[in-house]
Amino acid sequence: MLKIAAVFIAALIWLAVVNLSDPTKTITIYGIPINLTNEEAITDQNKVYKVDQRLTLNVTITGKRSVISELSSDDFTAVAPLDEISVANSVQVEVSANKKNIENKISIVNQSVKAVSIDVEDLVDEQYPVEVEITGELAKGYYLGGYSNSRNNIIVTAPESVQQKIDKAKVIVDVSNASQSFEEKYKIKLYDENGNTIKNTNVTKNYKKTKVSIEVLKGNTVPVDVEYSGKPAKGYEVTGVEFEPQKVTLVGKHSLIDSIESIEVPKEDISVDGAKDTVNVEVNLNKYLPDGVSVSDSANAIATITVKVEKLETKKFQINKSDISLQNIESGYTAEISSDSISVSLTGLKSELDKVTSDDIKAVVNLKGIKSNKTVDVSLTVPNNTTLNNKVSVKVKVTKK
């Protein structure tokens, strides 16, 4: 009995010593990552998933101090197998120690996350046209001729909720200071209606890039020259030619543009033959240019040409005999015009005739060799832009002194 008692007492003493030197403790391990496994259970159904919550958890464990004091989050694994997703789109989280010798010496008494909520969506295909946005300014004197895009459309595969946000597919091409045509590949990006880039790991495109060719044309500003053909109806006259634009900027291939000094509208295209009123004609200046050259602004390519045609008028003027100059009177003779005045008829535009007075008409009678009374022609000088309609003569009385 004494031996048995000694053994029992020794065991109690041993247990007491062990518990005092290596007691059982409870601690919390923080920040254990939650691994989502068996993703193909969702992706094989042409679906995607996302998790809105933070994929870490904390566990509370108990065990001997000598065992648990050195443990960290790296010693545990948390797994949420997606093939076990519930009808409510929830997956249970299983936590275990990485090593068997540890797992047998501890107990997990609590975990902060017991299940993960999973949002599952169908993947949807949508087609979008690929737009090209040109930014920047070309080098001075150069103009954008146009561009071509190798990908007119792309197909975007994305969750339905993301598709609803996509407004357009676009590439941005910077042409700053360019003076030559060029071709490059550009990344196709997706944008919402506010112009923000859409970034989502579950979005795929059948083409990621497109090749854009930019045509850069050289500019040259030249005058427009206009001529007309034909004659207005009898009694009418062309009084002026007006046209707009008088200068245009041409764009075209570098090898052609520098050789063009002006645009000439041929007179055959502007006829005033038989006209009794102003003639208005519109012509497209591009038809007078070689292939590969055009007017830079399409609005300026149409020239409006106005040929003013006005009716001529006739007006009579009375010239007093005192205003008629008698020249070359023979020596020893005197001369005098018999009539008090002469009548002169002029033709011209009303605006011109209104400016004319009798003083503007110069009348001269040449009496050289005349020594007796005679009817003599009057030499008349009329103002510019007027035409003399009648021949005028006067009777001159010549008397010997």
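Structure: above.
Summarised in this report is the structure supplied together with it. Within each chain, residues carry numbers counting from 1 in the order of the written sequence. This being a predicted model, a pLDDT of at least 70 is required before a residue's local features are given, and a value of 80 or more before pairs of side-chain atoms are given or counted; all residues contribute to the totals for chains, interfaces and linings. Here the side-chain values reflect all heavy atoms present in the structure, with hydrogen atoms and water set aside.

1. Side note on the overall build of the protein
Rules: Secondary structure elements follow DSSP: runs of H or I of four or more residues count as helices, runs of E of two or more count as strands, with numbering from the N terminus. Note on contacts: a residue pair qualifies if any of its non-hydrogen atoms lie within 4.5 Å across the two residues. Areas reported here follow the Shrake-Rupley algorithm with a probe of radius 1.4 Å; residue values treat only the protein chains shown as occluding. Counted charges follow a simple rule, with Lys and Arg positive, Asp and Glu negative, and His plus the chain ends left uncounted. We put the charge of a Lys on NZ, of an Arg on CZ, of an Asp on CG and of a Glu on CD.
When helices and strands are tallied, the protein shows 7 helices and 31 strands. When contacts within the protein are restricted to residue pairs at least 6 apart in sequence, those whose partners lie at least 24 apart make up 73%. Only carbon and sulfur atoms are counted for the fraction: they give 46% of the accessible area of the protein, which is about 24,800 Å². Averaged over its 48 positive side-chain charges, the protein has a centre that lies 7 Å from the centre of its 54 negative ones.

2. A short note on the environment of Gly-292
The condition is simple: Only protein chains enter the area calculation, which uses a 1.4 Å probe; residues under 20% of their type maximum are buried, those over 50% are exposed, and those in between are partly exposed.
By the element assignment, Gly-292 lies in the loop between strand S20 (279–284) and strand S21 (293–295). Since its relative accessible area comes to 36%, Gly-292 is described here as partly exposed. Taking the C-alpha atoms as reference points, Gly-292 and Leu-256, 36 residues apart in sequence, are found 7.6 Å from one another. When residues no more than four places from it in sequence are discounted, the contact partners of Gly-292 are Val-251, Gly-252, Lys-253 and Leu-256.

3. Structural notes on the side chain of Thr-347
Inclusion rule: Counting of polar contacts relies on pairs of N or O atoms within 3.5 Å, with two restrictions inside protein: one atom must be capable of donating a hydrogen and the other of accepting it, and residues adjacent in sequence are counted only when both atoms are side-chain atoms.
Along the polypeptide, Thr-347 turns up in strand S26 (residues 341–348). The buried category is assigned to Thr-347, whose relative accessible area is 15%. At 3.4 Å, the side chain of Thr-347 forms a polar contact with the side chain of Thr-314. A distance of 2.5 Å separates polar atoms of two side chains, one belonging to Thr-347 and the other to Asn-389.

4. Details of the sheet that holds S26
To keep things clear, this is the line we draw: In short, DSSP must find at least two bridges between two strands for them to pair. Think of each axis as a best-fit line through the C-alpha atoms, taken over the contacting stretch in the case of a helix, with angles from 0 to 180 degrees between the N-to-C directions.
Pairing is antiparallel in the open sheet, where 3 strands are placed in the order S23-S26-S30. Unpaired on one side and paired on the other, strand S23 (313–320) and strand S30 (386–388) mark the two borders of the sheet. Adjacent strand axes in the sheet meet at a mean angle of 35°, parallel and antiparallel pairs treated alike.

5. Let's talk about a nonpolar patch on the surface
Inclusion rule: Within the patch definition used here, like charges are joined within 9 Å and nonpolar side chains (Val, Leu, Ile, Met, Phe, Trp, Tyr) within 5 Å, considering only residues with over 30% relative accessible area and no salt bridge. Think of a salt bridge as a Lys or Arg side-chain nitrogen and an Asp or Glu carboxyl oxygen that are within 4 Å of each other.
A surface patch of nonpolar side chains, amounting to about 310 Å² of accessible area, comprises Phe-8, Ile-9 and Leu-12. One can find Leu-12 in helix H1 (residues 2–21).

6. A few points about the sheet that holds strand S6 (residues 94–97)
Read from one edge to the other, the open sheet built from 5 strands follows the order S6-S4-S1-S3-S7, with strand pairing classed as mixed. Single-partner strands in this sheet number two, and they are S6 and strand S7 (106–111). Taken pair by pair, the neighbouring strands of this sheet meet at an average axis angle of 35°, ignoring direction. Here strand S4 (residues 76–81) pairs with S6 via 4 bridges, running antiparallel. Each residue of the ladder has a partner; that of Ala-78, found in S6, is Val-95.

7. Comments concerning the pairing of strand S11 (residues 153–159)
By the criterion of burial, S11 is predominantly enclosed, with 5 of the 7 residues buried. With 7 bridges joining them, strand S9 (residues 119–135) and S11 adopt antiparallel strand pairing. Its bridge partner being in S11, Leu-123 is matched across the sheet by Pro-159. Of the pairings in the sheet, the one linking S11 to strand S15 (residues 204–205) comprises 2 bridges and is antiparallel in character. Across the sheet, the residue bridging to Thr-157 is Thr-204, located in S15.

8. So, a positive patch on the surface
On the surface, a cluster of positive charge is contributed by Lys-185, Lys-187, Lys-189, Lys-199, Lys-208, Lys-209 and Lys-211. The set of elements that each furnish at least two residues to the positive patch consists of strand S13 (182–187) and strand S16 (209–226). In this fold, Lys-189 is placed in strand S14 (residues 189–191). Residue class for Lys-189 comes out partly exposed when judged on its relative accessible area of 37%.

9. Thoughts on the side chain of Gln-111
In this fold, Gln-111 is placed in strand S7. Setting aside its immediate chain neighbours within four residues, Gln-111 contacts Asn-58, Val-59, Val-93 and Val-95.

10. Regarding the pattern of salt bridges
All told, the structure shown has 11 salt bridges when counted by the stated rule. Between Lys-308 and Glu-242 there is a salt bridge; the shortest N-O distance is 3.2 Å. Here Glu-242 lies in strand S17 (residues 236–244) and Lys-308 lies in strand S22 (residues 302–311), a separation of 66 residues in the sequence. Residue classification places Glu-242 among the partly exposed residues on the basis of a relative accessible area of 45%. Ionic pairing is found between Glu-336 and Lys-321, a salt bridge with its closest N-O pair at 3.6 Å. Taken together, the residues Glu-336 in strand S25 (residues 333–337) and Lys-321 in the loop between S23 and strand S24 (324–327) connect sequence positions 15 residues apart. The exposure class assigned to Glu-336 is partly exposed, which follows from its relative accessible area of 47%.

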